[in-house]
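Chains, contacts and geometry: an overview
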Amino acid sequence: VVAEPQPMRVRVAELDAERVTKEVLVRGQLEPRRRVELRAQTGGLVTALPAEKGARVSAGEVLVELALEDREAQIARAEAEAASRRLELSASEKLGSKGMQARTQVKAAEASLAAAEAELERLRIDLAHTRIRAPFDGLVEARTVELGSLLQRGDPVLELVDASVLKAVGHVPQQSAASLALGQSVAVHLLDGRTAEGRIVFLSRVADPETRSFRVEAELPNPDGSLYSGISAELRIAVGDERAHFLSPAVLTLDDDGQVGVKTVTVDDRVAFHAIALVRAEAGGVWVTGLPAQTRVITRGQGFVVTGETVQPVAEDRSAL
């Protein structure tokens, strides 16, 4: 008598679904909230550099001073010219009121005064531009001039960075973009193990033409300057919760169509395959959906059995997962 083949023995672990937070995971980096390259708005010789590279400065603080040259003398001359035009206009208006001067001459005097006052204002603005000031509180990240440098209008002077608040920036896949909203909390994980909390302040409404993903920005307070821009970061954005199972990646397998899933054992000890969807990843495993709420997952031997086959399940501790 030929003995009937015994069912294949497989290790299984009984699992119950748990409520877990669903997250959108985004790879990105930290960037400063504001970054600007200051440029000269007038020409001149650099005579003073009150702020060194790396210095923290306040809004309105002088960073670079240019030689005044004859600017003050030009302003004094322009002030005298404006005063003279004012007297001429006053005299023309008096004569005009007595009918002793044509109205066109009064208008000409008004135009001359306006031109003189405009020139005076231009010279005052040019004088103010000899002192290049910080537009906001920040850090002098780079400086491209030294004492004695001769600047022309538009020449770069220095780079100012505001790092009191950083932006965690990444690109969200198009299938996840609709689940995000302004103001949502974001947990930012850095490569050195530190974490920071922020909120979404920007969501692009136009996809990147190459990746078809959407830019997302979350602001992170950085009052002590302990976070540095440019470092890699992982943005975790909670978008709801659902019931899922926690599994080791080792129990995942593929079906004949290439779908990722898990093999389980039914109540009548037959192998079943369930396609799964990833909810979130953690150290040591992943949370997935697609399995029955209560199920027996094959932890060892899944590669030797096929869907529908009868097996002999052997219970294994949940720690195997």
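Coordinates for the structure precede this section.
**What to know about unusual backbone geometry**
A positive phi angle, near 55 degrees, is found at Glu69, a position not held by glycine. Among the secondary structure elements, Glu69 is positioned in the loop between β5 (62–66) and α1 (71–97). Although it is not a glycine, Asp269 sits at a positive phi angle of roughly 65 degrees. Mapping Asp269 onto the fold places it in the loop between β15 (260–265) and β16 (271–275). The partly exposed category is assigned to Asp269, whose relative accessible area is 26%.

**Some words on the pattern of salt bridges**
In total, this model carries 28 salt bridges according to the counting rule given. Linking Glu23 and Arg280 is a salt bridge whose minimum nitrogen-to-oxygen distance equals 3.7 Å. Of the two residues, Glu23 sits in strand β2 (residues 18–39) while Arg280 sits in strand β17 (residues 277–282), which places them 257 residues apart along the sequence. Accessibility assignment for this pair places Glu23 and Arg280 in one class, buried.

**A look at the environment of Leu227**
Position of Leu227 among the secondary structure elements: in the loop between β12 (213–221) and β13 (232–247). Considered as a pair, Leu227 and Pro32 are 195 residues apart in the sequence and their alpha carbons are 10.0 Å apart.

**Quick word on the pairing of β16**
The buried fraction of β16 is high, at 4 of 5 residues. Counting the residues between successive antiparallel strands, the hairpin from β15 to β16 contains 5 residues, one of them, Asp269, with a positive phi of roughly 65 degrees.

What counts and how
Per chain, the residues get numbers from 1 upward, laid out in the order the sequence is written. With pLDDT at 70 or above as the cut-off, local features in this predicted model cover only qualifying residues; side-chain atom pairs require 80 or more to be listed or tallied, and sums for whole chains, interfaces and linings still use all residues. Each side-chain value is worked out from all heavy atoms of the structure, with water and hydrogens disregarded. Secondary structure elements follow DSSP: runs of H or I no shorter than four residues count as helices, runs of E no shorter than two count as strands, and numbering proceeds from the N terminus. Here's how the labels work: a residue is buried when its accessible area is under 20% of the maximum for its type, exposed when over 50%, partly exposed in between, all with a 1.4 Å probe on protein chains only. We define a salt bridge as a side-chain nitrogen of Lys or Arg found within 4 Å of a carboxyl oxygen belonging to Asp or Glu. Any two strands with at least two DSSP bridges between them are considered paired.

Keep in mind these numbers describe shape, not what the thing actually does.
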